[in-house]
Amino acid sequence: ELGVRVPLVVAGGPVKGRGQSDALVDFTDIYPTLLELAGIDASSAGDRPGLSFLPALMGEDHGGKEFIFSYLDMERTVRNREYMMDGSGGIWECSSDGNLLNYQVLEEGAEATSIREELQQVASAYPLPSPEDFRKERMQRADRRQTEPGHHWTTFKAWEAGEAWKENPRRFKE
């Protein structure tokens, strides 16, 4: 997902080249994974979110999480293997290759409503960040120009632009 989905590359120490994995992993999973790599039981670190993906790094079976979650400014994005809810509540059918440019907009209707309710329930478990956590200029750029449910304009623009987003000079700022 644009701005949220980034490659995760882990190498060194006991981790050998394993190739690509389709396990759903988010930033909360890094801490328990690092603890386990260091030989520390992740459950001893208290009640923290996250699931160690050490099995995947060691070439073992690892299904990952059922859902992953992310913030981008005040936008909350949540997805499972089949669907993503963008920061404006828009529902997208994810492609099997994971490429945002191959996602399909799910038209509003009973199916989209049901999926949105399920994904919003997941998102509601995570508190919203406070606007004070962001620079004023950043919040002004995150202007809400649409009502829910909709498809976040940045995601939709990238999807419509196809491969052209790679050459956008704004990608190289900030």
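All of these numbers come straight from a predicted model, not from anything done at the bench.

Novice: Would you take a moment to explain the overall build of the protein for this structure?
Specialist: Along the backbone of the protein there are five helices and five strands. Taken from the N to the C terminus, the helices and strands of the protein come in the order α-α-β-β-β-β-β-α-α-α. Within the protein, the fraction of its 174 residues that count as buried is 34%. The long-range share in the protein, meaning contacts at least 24 apart out of those at least 6 apart in sequence, stands at 55%.

Novice: When you look at the pattern of salt bridges in this model, what are you seeing that I'm missing?
Specialist: Pairing between side chains of opposite charge can happen when the charged atoms of each approach one another. Evaluated as defined, the whole model comprises three salt bridges. The partner of Glu 108 in a salt bridge is Arg 116, and the shortest N-O contact between them spans 2.6 Å. By relative accessible area, which is 8% here, Arg 116 ends up buried. Because the salt bridges share partners, they merge into one network encompassing Asp 26, Asp 29 and Lys 65.

Novice: Would you mind going over the nonpolar core with me for this structure?
Specialist: Soluble globular proteins tend to pack their nonpolar side chains together in the buried interior. Core analysis: the biggest nonpolar cluster contains twelve residues, these being Phe 67, Phe 69, Val 78, Tyr 83, Met 85, Ile 91, Leu 106, Ala 112, Ile 115, Leu 119, Val 122 and Ala 123. Of all the secondary structure elements, the ones that give two or more residues to this core are β3 (83–85) and α3 (110–123). When sequence neighbours within four positions are dropped, the list of residues in contact with Leu 119 reads Phe 67, Val 78, Asn 80, Tyr 83, Met 84, Met 85 and Ile 91. Formed by six residues, the second largest nonpolar core is a distinct cluster that contains Met 84, Cys 94, Leu 100 and Val 105.

Novice: Would you mind going over the side chain of Asn 80 with me for this structure?
Specialist: Within the secondary structure layout, Asn 80 lies in the loop between β2 (75–79) and β3. Residue Asn 80 is classed as buried on the basis of its relative accessible area, which comes to 10%. A polar contact of 2.9 Å, which involves the side chain of Asn 80, links it to the backbone nitrogen of Glu 82. Polar side-chain contacts of Asn 80 include one of 2.7 Å to the backbone nitrogen of Tyr 83. Excluding residues that lie within four positions of it along the chain, Asn 80 makes contacts with Leu 24, Glu 66, Phe 67, Cys 94 and Leu 119.

Novice: For this particular structure, what's the right way to read helix α1 (residues 30–37)?
Specialist: Owing to its 3.6 residues per turn, the α-helix brings residues three or four apart onto one side. Taken together, the buried positions of α1 are Pro 32, Thr 33 and Leu 35. Take α1 and look down its axis: the buried residues cluster within an arc of 160°, on one side only. The inward-facing, buried residues of α1 contact α2 (54–57). Positive backbone phi, at 85°, marks Gly 39, one or two positions downstream of α1.

Novice: Got a minute to help me understand the confidence of the model for the protein in this structure?
Specialist: A low pLDDT means the predicted coordinates there should not be read in detail. Put simply, the protein has an average pLDDT of 76, and 69% of its residues get 70 or more. Within the protein, helix α5 (residues 153–161) has the poorest average pLDDT of any element, 60, and α3 the best, 92. In the model, residues 145–149 has pLDDT below 50 throughout and makes twelve contacts with residues more than four positions away in sequence or in other chains.

Novice: What should I look at first to understand the pairing of β2 in this one?
Specialist: Most of β2 sits inside the fold, with four of its five residues counted as buried. Where β2 meets β3, two bridges bridge the pair, whose relative direction is antiparallel. Of the residues in β3, the one forming a bridge with Arg 79 is Met 84. Hairpin connection between β2 and β3: a loop of three residues separates the two successive antiparallel strands.

Novice: I'm lost on the environment of Met 58 in this one. Help?
Specialist: With respect to the helices, strands and loops of the structure, Met 58 is situated in the loop between α2 and β1 (68–72). Residue classification places Met 58 among the partly exposed positions, given a relative accessible area of 27%. Once the C-alpha coordinates of Met 58 and Pro 14 are considered, the two residues, 44 residues apart in sequence, prove to be 7.9 Å apart. Filtering out sequence-adjacent residues up to four positions away, Met 58 remains in contact with Pro 14, Arg 18 and Leu 37.

What counts as what
- Residues numbered from 1 in each chain as written.
- Predicted model: local features only at pLDDT ≥ 70, side-chain atom pairs only at ≥ 80, totals over all residues.
- Heavy atoms only, no water.
- Helix = DSSP H or I, 4+ residues; strand = E, 2+ residues; numbered from the N terminus.
- Buried < 20%, exposed > 50% of the residue type's maximum accessible area, 1.4 Å probe, protein only.
- Contact = heavy atoms within 4.5 Å.
- Salt bridge = Lys/Arg side-chain N within 4 Å of Asp/Glu carboxyl O.
- Core = buried A, V, L, I, M, F, W, Y, C linked by side-chain atoms within 4.5 Å.
- Polar contact = N/O pair within 3.5 Å; in protein donor to acceptor, adjacent residues only side chain to side chain.
- Arc of directions from axis to C-beta.
- pLDDT = per-residue confidence, 0-100.
- Pairing = 2+ DSSP bridges.

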